[in-house]
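Each chain, written out:
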Amino acid sequence: MTKALAVHRDRPPVGFNAWRSAGVAWQITQALLVFAVLGWLVWRGIDAMEYRWQWYRVEPFFYREIDGEIIWGPLVRGLILTIQIAALAGALAIVIGFLTALARLSGSFAGRVLAKVYLEAIRNTPLLVQLFLVYFVLAPIIGIDRFWAGVLCLALYEGSFAAEIIRGGLRGIDRGQYEAADAVGLSTWDKYRYIIVPQSMPLVLPPLTGLLISTIKHSAIVSVIALAELTTQGLNLVSNTFMAFEVWFIVAGIYLVLTVSLSFAVTLFEHYLNKPKR
Amino acid sequence: MTPSPLVEISGLCKWYDDFSALYDISLTVAEGEKVVICGPSGSGKSTLIRCINQLEGHQQGSIRVAGQEVRPGMKGIEAIRREVGMVFQSFNLFPHMTILDNLTIGPIRNRGMGRAAARALAMEYLNKVRISEQADKYPPQLSGGQQQRVAIARALCMQPRVMLFDEPTSALDPEMIAGVLEVMETLARDGMTMIVVTHEMGFARRVADRVVFMDEGEIVETAPPEAFFSAPRTNRAKLFLGQLLAH
């Protein structure tokens, strides 16, 4: 049997489709069922431990009001420090990544070797060991405090990943663009500034967002050098109040909100970037 | 006063690893002269003109543009590139910039021209290639023929002394070719020095002062177009022209 042809070629068939709707509904039901089962298991487990929830005590973790004045609690102060560390380290990582990528693509032998050594050294040693090296060895030599030691360590670590992302972005641009920029007499700086980098932004932005998100997550590791960021504050709160469940749920939630809103913001920015193209 | 040679190439050799792409090329192009380079694919035509503005580095021989020696990896290559306009087979417009910005970036960044002056210059050349009403569009919104005309205008905006064309019509649909060739012929009548790699033999007949035939990285024959097309001296040129006419 032949299928009946659509009556109007200029009007694709739209509207309610019973079979498709039923399929979607079933998929949503499946997802809800899975979550319900998981939730029930967690709830049963916690219940069996006879953990005493004390959610009413968490408000001062965020802020306290004394004489009409708001005093920020440890979690908010920790969050602010986490954002500072991650923002500085992320920005620095992109700069390092860019320089490393250019060095790797450059004609200079020394530049290529230096970049390669940096990448291999960072990628093949544990982040924790790098942190100790920066904090105990490098920091006293160049005279920086623990805040900058933490920032620098994270920046060096994430920079090695940024370098590969950016290198990929730069190589993803058609050779003709480089040649055209050369042919109209642009200097190397102008060529990258006006032609290559703006075009590689859409290629580089999604993976770079992932990188910034992991910078936020990896910033938790600086708690081992007693920088009072979010995770350190969480540790302190747990040892003071023994409310491990509440505190770690909250800390995880704060990280989640931070990273999800970041990737949402970048999605909006990408939209804006892609707009004038066509 | 005899016109001084604008482009002087002598003993030029280039290798890709151990493949000899160009061998002992000598070619002099005088101010105002139009030279068409033709030959089978892989004969080194594109490589030759790409050496002139150092998109490709050469290993032996010398290239002089407007009296200045051009060397691979040299400092100040930008100063030579501003004398040499280039049009590519695949246009290579900057897709993230408007047509106008495509044209003004060279004059502004290389020649240090003011924004307003650069815009005026760009509009003048866009008029010349009959595309001025598209100035605020982006390259992907234009047809191939229009893009190539914009690319010609972009190269002209640098006010170069010589224009290089690297198969400017090979990537175009047949109905787009005439418009581009027309612009090039106008340019030729205005006295621009041109070195054109092309398979458009009609264009070569109408415009060229000399036809240079290349094969396997060497210049095989140089002749005025009439002589070259009606009575090629070498067998390789005869064979090439035969194949060109056969299709």
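Along every chain, residues carry numbers that run from 1 in the direction the sequence is written. In the order they appear in the text, chains get letters beginning with A and ligands get numbers beginning with 1. The model is predicted, so local features are restricted to residues of pLDDT at least 70 and side-chain atom pairs to those at 80 or more, both for listing and for counting; the totals for chains, interfaces and linings are taken over all residues. To obtain the side-chain values, all non-hydrogen atoms of the structure were used and water was disregarded.

## Some thoughts on the overall build of chain A
1) Next: Secondary structure follows DSSP: runs of H or I at least 4 residues long count as helices, runs of E at least 2 residues long count as strands, and numbering of each begins at the N terminus. In terms of regular secondary structure, chain A is built from 10 helices and 2 strands.
2) Next: Reading the helices (α) and strands (β) of chain A from amino to carboxyl end gives α-α-β-β-α-α-α-α-α-α-α-α.
3) Next: All radius of gyration figures rest on C-alpha atoms, and the globule criterion is 2.2 Å times the number of residues raised to 0.38. Relative to the compact-globule value of 19 Å for 278 residues, chain A shows a C-alpha radius of gyration of 26 Å, a clear excess of over 25%.
4) Next: Across its three principal axes, chain A shows a C-alpha extent of roughly 75 × 70 × 40 Å.
5) Next: Each residue is assigned to one of three classes by its accessible area relative to the maximum for its type, calculated with a 1.4 Å probe on protein chains only: buried under 20%, partly exposed between the two thresholds, exposed over 50%. Relative to its 278 residues, chain A shows a buried fraction of 36%.
6) Next: Any pair of residues with heavy atoms lying within 4.5 Å of one another is described as a contacting pair. For chain A, restricting intrachain contacts to residue pairs at least 6 apart in sequence, the fraction spanning at least 24 positions comes to 70%.
7) Next: Using a 1.4 Å probe, accessible areas were evaluated by the Shrake-Rupley method; residue-level cover was limited to the displayed protein chains. Here chain A displays about 17300 Å² of accessible surface, and carbon together with sulfur accounts for 68% of that area.

## Remarks on the pattern of salt bridges
1) Next: The salt bridge definition used is simple: a Lys or Arg side-chain nitrogen within 4 Å of an Asp or Glu carboxyl oxygen. All told, the structure shown has 18 salt bridges over all chains when counted by the stated rule.
2) Next: With a closest N to O distance of 2.5 Å, Glu179(A) and Arg50(B) form a salt bridge. Taken as a pair, Glu179(A) in helix H7 (residues 175-183) and Arg50(B) in helix H1 (residues 45-52) lie in two separate chains rather than in one. Across this residue pair, the class does not change: Glu179(A) and Arg50(B) are buried.
3) Next: One salt bridge connects Glu56(B) with Arg50(B), and the closest N-O pair in it is separated by 3.1 Å. Arg50(B) shares its class with Glu56(B); the two are buried.

## Thoughts on the interface of chain A and chain B
1) Next: Counting residues at the interface gives 22 residues for chain A and 24 residues for chain B.
2) Next: The interface formed by chain A and chain B includes 3 salt bridges.
3) Next: When the shortest N-O distance is used, the salt bridge between Asp190(A) and Arg109(B) registers 3.3 Å.
4) Next: Whenever two N or O atoms come within 3.5 Å, that pair is a polar contact, provided that in protein one can donate a hydrogen and the other can accept it, and provided that, for residues adjacent in sequence, both atoms are side-chain atoms. Remark: the boundary between chain A and chain B carries 7 residue pairs in polar contact (both at pLDDT 80 or more).
5) Next: Of all elements in the fold, only H7 and helix H8 (188-218) of chain A reach the threshold of two or more residues within the side of chain A that touches chain B.
6) Next: Considering each element in turn, the side of chain A that touches chain B owes the most residues, 8 residues, to H7(A).

## Here we look at H1(B)
Residue and element names in this part refer to chain B.
1) Next: Burial within H1 is extensive, with 7 of its 8 residues counted as buried.
2) Next: Buried residues of H1: Lys45, Thr47, Leu48, Ile49, Arg50, Cys51 and Ile52, and no others.
3) Next: One or two positions beyond H1, positive phi appears at Gln54, with a value near 60°.

## A word on a nonpolar patch on the surface
1) Next: Patches here are clusters of residues that have more than 30% relative accessible area and form no salt bridge, with a 9 Å joining cutoff for like charges and a 5 Å cutoff for nonpolar side chains (Val, Leu, Ile, Met, Phe, Trp, Tyr). A grouping of Leu128(A), Val129(A), Phe132(A), Leu133(A), Phe136(A), Val137(A), Leu138(A), Ile141(A), Ile142(A) and Val224(A) is seen on the molecular surface, where their side chains present a nonpolar patch of about 890 Å² in accessible area.
2) Next: In this fold, Phe136(A) is placed in helix H5 (residues 127-142).

## A short note on the confidence of the model for chain B
1) Next: One confidence number per residue, pLDDT, is output by the predictor and ranges from 0 to 100. Taken residue by residue, chain B gives an average pLDDT of 93. The fraction at 70 or more is 98%.
2) Next: The complex prediction reports pTM at 0.81, with the ipTM value standing at 0.92.

## Some details on empty space enclosed by the protein
1) Next: Note on definitions: the grid is 1 Å and covers protein atoms alone; a cavity is a set of points where a 1.4 Å probe fits but cannot get out; a pocket is an open set with protein on both sides within 12 Å along at least five of seven lines; lining residues have an atom within 4 Å of a point. Grid points are joined across faces, edges and corners, and a volume is the space filled by probe spheres set on the points. By the definition in use, this model includes 2 cavities of 30 Å³ or more.
2) Next: For the largest cavity, the calculated volume is near 60 Å³.
3) Next: Forming the walls of the largest cavity are Lys128(B), Val129(B), Leu156(B), Val183(B), Thr186(B), Leu187(B) and Asp190(B).
4) Next: If one sorts the elements of the lining of the largest cavity by residue count, helix H6 (residues 174-189) of chain B sits on top with 3 residues.
5) Next: Throughout, the ten residues Ala, Val, Leu, Ile, Met, Phe, Trp, Tyr, Cys and Pro are labelled nonpolar, Asp, Glu, Lys and Arg are labelled charged, and all others, Gly among them, are labelled polar. Classifying every residue of the lining of the largest cavity by side-chain character gives 4 nonpolar, 1 polar and 2 charged.
6) Next: Approximately 40 Å³ is the volume found for the second largest cavity.
7) Next: Looking at the second largest cavity, the residues that line it are Ala183(A), Val184(A), Gly85(B), Met86(B), Ala151(B), Arg154(B), Ala155(B) and Met158(B).
8) Next: Contributing elements (two or more residues each) for the lining of the second largest cavity: strand S6 (84-87) and helix H5 (144-156) of chain B.
9) Next: Tallying contributions element by element places H5(B) first for the lining of the second largest cavity, with 3 residues.
10) Next: A class-by-class count of the residues in the lining of the second largest cavity yields 6 nonpolar, 1 polar and 1 charged.

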